[in-house]
Amino acid sequence: MSKTLKVRYFAWVRERVGKPDEDVQVPAGVVTVGDLMTWLASRGEEYAHAFENPKVIRAAIDRAHVKPQASIGGAAEIAFFPPMTGG
Amino acid sequence: MSKTLKVRYFAWVRERVGKPDEDVQVPAGVVTVGDLMTWLASRGEEYAHAFENPKVIRAAIDRAHVKPQASIGGAAEIAFFPPMTGG
Amino acid sequence: MSTITNVRIQSEPFDVAAEASKLTRGRTDAGAVVTFTGICRGDENGEPIAALTLEHYPGMAETEIERHVAEAAARWPLIGITVIHRYGRILPGDDIMMVVTVSSHRAAAFAAADFLMDYLKTRAPFWKQVEKADGKIWVEAKAADDEAAGRWTSSGKHQAAE
Amino acid sequence: MSTITNVRIQSEPFDVAAEASKLTRGRTDAGAVVTFTGICRGDENGEPIAALTLEHYPGMAETEIERHVAEAAARWPLIGITVIHRYGRILPGDDIMMVVTVSSHRAAAFAAADFLMDYLKTRAPFWKQVEKADGKIWVEAKAADDEAAGRWTSSGKHQAAE
């Protein structure tokens, strides 16, 4: 059983992946945000480059910050981005 | 030997003394700011009222804050006023 | 106390004085107004820049800022808070963002503005890219900003969200 | 760093935005501007007031404020500081005084503005009298203001002057 998720990328994560967002079919074994990063990194060179150091990448589920251990169970939209530099 | 000093009063100290400033002849035994307050308080009812609680009165010599123990030796102008409430 | 709050994400410039005036006009309980304006500097880590471009996460940026504005309103007795953050290309000398806090007394206005700035720097989903002589570079987050934001977490309220 | 400083004691109103702009215009090293504006509230200790009148010690007021502005400039890396304090009769809703601090980074601008406000409240020779229904009353100094000012004396620099 797989699940459709909207994934969004910002800043250099977006540049490395080469697109601002996409709909992905997430395999059943992918349970957490960290799992999703690992799975995305396996999808090609541009993804491997974007997620080569998952520790520096932040994530948000449905527009709220989450940790890598967070479950993606109820998520409609997940975003990945570098640490914020606004203000 | 006495010494001429300009004394200025502000806020309720000024109101109680009844004048904004005056030149006074300070007797020789008056050495500190505290001594001066005691001596001023002896000059009449309005002064006694103004200086009835010397602990709440602040002083400045030549436009710099000083403590009651400060010497009035080199002073040209001494001011007495309540705690400041600007800002 | 119910606090008037405004949060706007926009590409257009803003007018800090007009925003402050909107919060104080016609009332006599406001005793203290603090404004912070962030301006695009002409250098990044000592190297000159031609401009910066701010990318943001539409929707989340508003939500995050509104959440912190509500937090500030809960922590301090405030009459009003306005936060405006721009996105897009911004030239050196031009404004990036602003915070206005209005209170009856200065301590609350200062603390809330300081708090909001620390959180905007570390939690609001904005990313700065600068244009240097050798190309465009994403600005790296500063550890000092995370430390500054950490000053406010002693209540533990924000720990859960991290 | 040499800091541009301006101190003015005046009865006329002032324009905070214009003062801030004077400190930042034409330069690209300013990244953070903090302004504080103190406004006359319509109440004092819960009782309505018709107006307040600020008395000051001419000469000493300028000197005291300039001394604290110089102290702020020595403590933090600041591009500019402007302090304007009014005297005379001021109506509820009208501005009393303002501080602007400009720096490359926000921490210095916030700290210097906060520091200056604490000292202006406790050391600058100004006295507020308010007009209440039962007459004119001198505002009493607040212990909280002295405590706030005490936050900055850990260096001992100000202890000698007290």
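Structural notes, computed from the coordinates. (Residues numbered from 1 in each chain as written. Chains lettered and ligands numbered in written order. Predicted model: local features only at pLDDT ≥ 70, side-chain atom pairs only at ≥ 80, totals over all residues. Heavy atoms only, no water.)

A comparison of contact numbers over the three pairs of chains in contact places chains C and D at the top. For chain B and chain C, which are not in contact, the least C-alpha distance works out to 10 Å. (Contact = heavy atoms within 4.5 Å.)

Now for the relation of the copies chain C and chain D. Take chain C, turn it by 180°, move it 0.0 Å along the axis, and it overlays chain D with an RMSD of 0.0 Å. Such values leave the two copies arranged in the relation of a two-fold axis. Identified as the residue of chain C closest to the rotation axis by C-alpha distance is Thr-35 of chain C, at 2.6 Å. Most of the interface of chain C is mirrored in chain D: 100% of its interface residues are interface residues there too. (Least-squares fit on C-alpha atoms with pLDDT ≥ 70 in both.)

Looking now at the packing of aromatic side chains. A full pass over the atoms with the stated rule returns 24 aromatic pairs over all chains. Relative to Phe-115 of chain C, the ring of Trp-76 of chain C has its centre 5.3 Å away and its plane inclined at 65°; by these criteria the two rings are edge-to-face. Remark: Phe-115 of chain C occurs in helix α3 (residues 106-122) and Trp-76 of chain C occurs in the loop between α2 (60-75) and β6 (78-86); sequence separation between them is 39 residues. As far as the burial class goes, Trp-76 of chain C and Phe-115 of chain C line up, both buried. Taking the ring centre of Tyr-47 of chain A as reference, the NZ or CZ of Arg-43 of chain A above it sits at 4.8 Å. (Phe/Tyr/Trp six-rings, centres within 6.5 Å; stacked < 30°, edge-to-face > 60°. Helix = DSSP H or I, 4+ residues; strand = E, 2+ residues; numbered from the N terminus. Buried < 20%, exposed > 50% of the residue type's maximum accessible area, 1.4 Å probe, protein only. Lys NZ or Arg CZ within 6 Å of the ring centre and 35° of its normal.)

Moving on to the sheet that holds strand β3 (residues 58-61) of chain A. All names here are of chain A. Read across the sheet, five strands follow the order β2-β1-β5-β3-β4 without closing on themselves; strand pairing throughout is mixed. Each having just a single partner strand, β2 (21-26) and β4 (64-66) make up the two edges of the open sheet. When the angles between neighbouring strand axes are averaged without regard to direction, this sheet yields 35°. Inspection of the sheet shows strand β1 (residues 3-9) paired to strand β5 (residues 77-81) by four bridges, in the parallel sense. Counterpart to Val-7 in the pairing with β5 is Ile-78. Contacts between helix α2 (residues 33-41) and the sheet are confined to β1, β2, β3, β4 and β5, with β5 contributing the most and set at about 70° to the helix. (Pairing = 2+ DSSP bridges. Axes fitted to C-alpha atoms, helices over the stretch in contact; angles between N-to-C directions.)

The relative placement of two packed helices comes down to the angle between their axes together with the axis-to-axis distance. At a minimum axis separation of 11 Å, α3 of chain C and helix α3 (residues 106-122) of chain D run at an interaxial angle of 175°. The pairing of α3 of chain C with α3 of chain D is recorded here as roughly antiparallel in orientation. Between α3 of chain C and α3 of chain D, the contacting residues are Arg-106, Phe-110, Ala-113, Asp-114, Met-117, Asp-118 and Lys-121 of chain C on the first element and Arg-106, Phe-110, Ala-113, Asp-114, Met-117, Asp-118 and Lys-121 of chain D on the second. Residues that form the contact of α3 of chain C with α3 of chain D fall into these classes: six nonpolar, no polar and eight charged. (Parallel < 35°, antiparallel > 145°, perpendicular 65-115°, else oblique. Nonpolar A, V, L, I, M, F, W, Y, C, P; charged D, E, K, R; others polar.)

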